[in-house]
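# Commentary on secondary and tertiary structure
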Amino acid sequence: MNVYWTETAIQQLSNLYTYLCQISPPYAQRTIDRLTRRSQQIATFPNSGRVVPEFDNDRIREIIEGKYRIIYTIQANQIEVLAVLHGAQSLEELS
């Protein structure tokens, strides 16, 4: 199944990269690479992520990579990554 990153998720990755570059550009790149590589797992095993507790919907799932939550939805023919959040962030902060 194909994985598509929404504009919101891409913007969040970009913001994370910019923030982490202040600390260490190599660390920022490694972090973004690890997060985006999780697309492979999602594509192969869409149900491997847990159901997002805030939604309680079997189609909205998340996988954890380090300190970050990658939230995605399973559609009929594709998977959409909706958000990439630090574990300390709440989903209400997205509104």
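Shown above is the structure to which this text applies.
All right, on to the overall build of the protein then. The number of helices and strands found in the protein is 2 helices and 5 strands. Its C-alpha radius of gyration of 13 Å places the protein within 12% of the 12 Å reference for a compact globule of 95 residues. Taking the principal axes of its C-alpha atoms as reference, the protein extends roughly 40 × 25 × 20 Å. Residues counted as buried form 38% of the 95 residues belonging to the protein. In the protein, once contacts between residues fewer than 6 apart in sequence are set aside, the share between residues at least 24 apart is 41%.

In this structure, Trp5, Leu35, Ile42, Ile70, Tyr72, Val81 and Val84 are the most contacted members of the largest nonpolar core, which totals 18 residues. One finds Val52, Ile60, Ile71 and Leu85 within the second-largest nonpolar core, a separate group that totals 5 residues.

The rules we used
Residues numbered from 1 in each chain as written. Predicted model: local features only at pLDDT ≥ 70, side-chain atom pairs only at ≥ 80, totals over all residues. Heavy atoms only, no water. Helix = DSSP H or I, 4+ residues; strand = E, 2+ residues; numbered from the N terminus. Rg over C-alpha atoms; globule rule 2.2 N^0.38 Å. Buried < 20%, exposed > 50% of the residue type's maximum accessible area, 1.4 Å probe, protein only. Contact = heavy atoms within 4.5 Å. Core = buried A, V, L, I, M, F, W, Y, C linked by side-chain atoms within 4.5 Å.

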